[in-house]
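Commentary on secondary and tertiary structure
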Amino acid sequence: MSTTYAIRVDEGIKNEAAEVARFYGLDLASVTRALWAQIARTKRIPLEFSNEEPNEESLEAIRQTQEMMANGTGHKYKTADELFEALGI
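Residues numbered from 1 in each chain as written. Predicted model: local features only at pLDDT ≥ 70, side-chain atom pairs only at ≥ 80, totals over all residues. Heavy atoms only, no water.

This part takes up the overall build of the chain. In terms of regular secondary structure, the chain is built from four helices and zero strands. Order of helices (α) and strands (β) in the chain, N terminus to C terminus: α-α-α-α. The C-alpha atoms of the chain give 23 Å as radius of gyration, which overshoots the globular expectation for 89 residues (12 Å, by more than 25%). Principal axes of the C-alpha set define a box for the chain whose edges measure 65 × 30 × 25 Å. Across the 89 residues of the chain, 2% fall into the buried class. Put simply, the chain shows about 8,900 Å² of open surface, and 55% of that area lies on carbon and sulfur atoms. For the chain, the separation between the mean place of its 10 positive charges and that of its 15 negative charges on side chains is 12 Å. (Helix = DSSP H or I, 4+ residues; strand = E, 2+ residues; numbered from the N terminus. Rg over C-alpha atoms; globule rule 2.2 N^0.38 Å. Buried < 20%, exposed > 50% of the residue type's maximum accessible area, 1.4 Å probe, protein only. Areas by Shrake-Rupley, 256 points an atom, 1.4 Å probe, with all protein chains shown as cover. Lys, Arg positive; Asp, Glu negative; His and termini not counted. Charge placed at Lys NZ, Arg CZ, Asp CG, Glu CD.)

Here is the structure:
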């Protein structure tokens, strides 16, 4: 037995989501059915609701980069090979 379910969604979001679905060869109805099937199968909602925050190591790298840019310090490399050589890679 099938049922019909109507939802209201911002048109821009719908269009962006449809574009992603098309990339995978799907339409929004198929994606919606797959989402509901996954929820029923796993007993979970497969969505992430938290903001991704950089870890402390990344925050330190960001601080160092901002400091180098502000002070005009740091090294410049003409090629990726020069950078890799300086890193010992």
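There is more to say, and it comes next.
A cluster of acidic residues, D10, E11, E16 and E19, forms a negative patch at the surface. Locating E19 in the fold gives a position in helix α1 (residues 11-23). (Patch = residues over 30% accessible without salt bridge, like charges linked within 9 Å, V, L, I, M, F, W, Y side chains within 5 Å. Salt bridge = Lys/Arg side-chain N within 4 Å of Asp/Glu carboxyl O.)

Another aspect to go through is the environment of L26. The topology assignment puts L26 in the loop between α1 and α2 (28-42). Residue L26 is classed as partly exposed on the basis of its relative accessible area, which comes to 40%. Excluding residues that lie within four positions of it along the chain, L26 makes contacts with A21 and V31. (Contact = heavy atoms within 4.5 Å.)

Sparse coverage of helix α4 (residues 80-87) is indicated by the burial of zero of its eight residues. In the segment just after α4, G88 is the residue with positive phi, at about 80 degrees.

Describing an aromatic ring pair means giving the distance of the ring centres and the angle of the ring planes. For the coordinates displayed, the defined rule picks out two aromatic pairs. Ring centres of Y5 and W36 lie 5.2 Å apart, and the angle between their planes is 65 degrees; this geometry places the pair in the edge-to-face category. Taken together, the residues Y5 in the segment before α1 and W36 in helix α2 connect sequence positions 31 residues apart. Looking at Y5, the relative accessible area reads 59%, which means it is exposed. Each ring, one from F23 and one from Y24, has its centre 5.0 Å from the other, and the planes form 90 degrees; the classification is edge-to-face. As far as burial versus exposure is concerned, F23 and Y24 are alike and both exposed. (Phe/Tyr/Trp six-rings, centres within 6.5 Å; stacked < 30°, edge-to-face > 60°.)

Here the focus is helix α3 (residues 56-71). Helix length check: α3 (16 residues) gives 22 Å between terminal C-alpha atoms against 22 Å at 1.5 Å per residue, within 8%. A side-chain oxygen of the first residue of α3 lies 3.2 Å from the backbone nitrogen of E57; this N-cap is N55. Once α3 finishes, G72 follows within two positions and takes phi at roughly 70 degrees, a positive value. (Expected span 1.5 Å × (residues − 1). Polar contact = N/O pair within 3.5 Å; in protein donor to acceptor, adjacent residues only side chain to side chain.)

Let us now look at the pattern of salt bridges. The final tally for this structure, using the stated rule, is two salt bridges. Of the charged contacts in the structure, one is a salt bridge between E56 and R63, with a shortest N-O distance of 2.7 Å. Where salt bridges share partners, they join E56, E60 and R63 into one cluster.

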